Amino acid sequence: MDRKEFLQMGMTAAAISSVPGLISACDSPAATPDLFFDISLAEWSLHNHLFDDKIDHLDFPKIAKEEFGIHAVEYVNQFFKDKAEDTSYLDEMNSRCADLGVEQLIIMVDGEGGLAVSDQSERTEAVENHYKWVHAAEHLGCHSIRVNTRGDGTRSEQHEAAVDGLSRLSTYAEDYGIDVIVENHGGYSSDGQWLSGVIEEVGMDNCGTLPDFGNFRVSDENEYDRYKGVEELMPYAKGVSAKAMAFDEQGNEKNIDYEKMLTIVKEAGYTGYMGIEYSGELGEYEGIRATKKLLEKTGAAVS
């Protein structure tokens, strides 16, 4: 570049920068900092619309992208309960997500039996009931199925049963490249020390946790400290559920300190997806948008 060209470029930049609202090529616009995590949408956030047949399960990925600008989804098996082995239906799910550019992450599995029940034959049945969801997750390209460790008996008895059930299911899922992850979802699973101890004893790379910010009620009389629980579960986390139910006038969750939660998540070294799971006082669409806004605001502050 000769001196004349250099001077002309300088004059052009000066002219641009003098115009209100325009930014010179040498300046970078103010932008929201990159978040240390990605955002996904859990299908349960739309459970009322789905149960009332106002929307169809097959349209969930489209709604996630077009309504909320979210490009990754977490399914709930209740909304395609009879389709786990219907490969044509699963192919349609794949096709729609491929067309939309939406990633399929997790199938949250309910209603297939307790993996920590004391009866051996009943526990075996529960383990085997999950096999079809392992196959479905592999077909859809999901990384995990989310399971429950509900059971009976004492704390130690349920621990032992959960280790057995999860070990057998994880061994099966390992051959399909699928992780088995446990959410704090009531009972002893909502006790962070209990659940982290179970996962530690299972000791398999494909068996982990899905920490949920909100589900820490062990019993009617016992609610576990949510921040302690998330901290205990994060070393095994293969996903995180960003639960929200109520917001104040500033858009903060009334009962969950999101900045404290995201700091715990970040300090654990987690950089995966944070799944929005809204279930509260606002309309579902409004609640999802409010949760996403809160995640972005708080994530930017923590990042």
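For the structure, see preceding data.
Throughout what follows, the structure given in this document is the object of discussion. (Residues numbered from 1 in each chain as written. Predicted model: local features only at pLDDT ≥ 70, side-chain atom pairs only at ≥ 80, totals over all residues. Heavy atoms only, no water.)

Quick notes on the pairing of strand β4 (residues 144–147)
Consecutive side chains of a regular strand alternate in pointing toward one face of the sheet and then the other.
So, step 1. Along β4, one buried face is formed by S144 and R146 and the opposite face, lined by I145 and V147, is buried too.
So, step 2. Summarising the sheet, strand β3 (residues 103–108) and β4 pair through three bridges and their orientation is parallel. Among the inter-strand pairings, M108 is bridged to a residue of β4, identified as R146.
So, step 3. When β4 meets strand β5 (residues 179–183), the two strands line up parallel, connected through four bridges. In the strand pairing of β5, S144 is matched with D179.
So, step 4. With respect to chirality, the unit in which β4 leads through helix α7 (residues 155–174) into the neighbouring parallel β5 is right-handed. (Buried < 20%, exposed > 50% of the residue type's maximum accessible area, 1.4 Å probe, protein only. Helix = DSSP H or I, 4+ residues; strand = E, 2+ residues; numbered from the N terminus. Pairing = 2+ DSSP bridges. Right-handed = clockwise from strand over helix to strand, strands pointing away.)

What to know about the sheet that holds β5
So, step 1. With parallel pairing, eight strands are arranged side by side in an open sheet as β6-β5-β4-β3-β2-β1-β10-β9. The sheet is open, and its two edges are formed by β6 (207–210) and β9 (240–244), each paired on a single side. Between one strand axis and the next, the sheet turns through 30° on average, direction left out of account.
So, step 2. Inspection of the sheet shows β9 paired to strand β10 (residues 273–278) by five bridges, in the parallel sense. For V240, the partnering residue across the bridge sits in β10 and is M274.
So, step 3. On top of the sheet, helix α3 (residues 60–68) reaches β1 (38–42) and β2 (72–76); it is set at about 140° to β2, its chief contact.
So, step 4. The strands touched by helix α10 (residues 258–267) are β9 and β10; relative to β9, the strand with the most contacts, the crossing angle is about 180°. (Axes fitted to C-alpha atoms, helices over the stretch in contact; angles between N-to-C directions. Contact = heavy atoms within 4.5 Å.)

What to know about the nonpolar core
So, step 1. Among the nonpolar cores identified, the biggest contains 89 residues, and I107, I145, L166 and F213 are the most heavily contacted of them.
So, step 2. Residues contacting I145, with those up to four places away along its chain left out, are I107, V109, H130, W133, V134, A137, L169, I178, D179, V180 and I181. (Core = buried A, V, L, I, M, F, W, Y, C linked by side-chain atoms within 4.5 Å.)

Here's the deal with the side chain of S144
So, step 1. On the secondary structure map, S144 appears in strand β4.
So, step 2. For S144, the side chain forms a polar contact with the side chain of H143, separated by 2.5 Å.
So, step 3. Discounting chain neighbours no more than four positions away, the residues touching S144 are L105, I106, I107, A137, I178, D179 and I181. (Polar contact = N/O pair within 3.5 Å; in protein donor to acceptor, adjacent residues only side chain to side chain.)

Regarding the packing of helix α9 (residues 226–233) against α10
So, step 1. With their axes 9 Å apart at the nearest point, α9 and α10 run at an angle of 20° to one another. In this view, α9 runs roughly parallel relative to α10, as classed from their interaxial angle. The handedness of the crossing between α9 and α10 is right-handed. Taken together, the residues of α10 that come into contact with α9 (itself represented by R226, Y227, V230 and E231) are K260, M261, I264 and V265.
So, step 2. For the contact of α9 with α10, the residue count by class is five nonpolar, no polar and three charged. (Parallel < 35°, antiparallel > 145°, perpendicular 65-115°, else oblique. Left-handed = near helix turned anticlockwise from the far one by under 90°. Nonpolar A, V, L, I, M, F, W, Y, C, P; charged D, E, K, R; others polar.)

Re a negative patch on the surface
So, step 1. Taken together, the side chains of D119, E122, E125, E128, D152, E157, E160 and E201 make up a negatively charged region of the molecular surface.
So, step 2. Breaking the negative patch down by element, the ones donating at least two residues are α5 (120–129) and α7.
So, step 3. Examining the composition of the negative patch, we find that three residues originate from one element, α5, more than from any other.
So, step 4. Structurally, D119 can be placed in the loop between β3 and α5. (Patch = residues over 30% accessible without salt bridge, like charges linked within 9 Å, V, L, I, M, F, W, Y side chains within 5 Å. Areas by Shrake-Rupley, 256 points an atom, 1.4 Å probe, with all protein chains shown as cover. Salt bridge = Lys/Arg side-chain N within 4 Å of Asp/Glu carboxyl O. Lys, Arg positive; Asp, Glu negative; His and termini not counted. Charge placed at Lys NZ, Arg CZ, Asp CG, Glu CD.)

On their own, these measurements won't tell you what the molecule is for.
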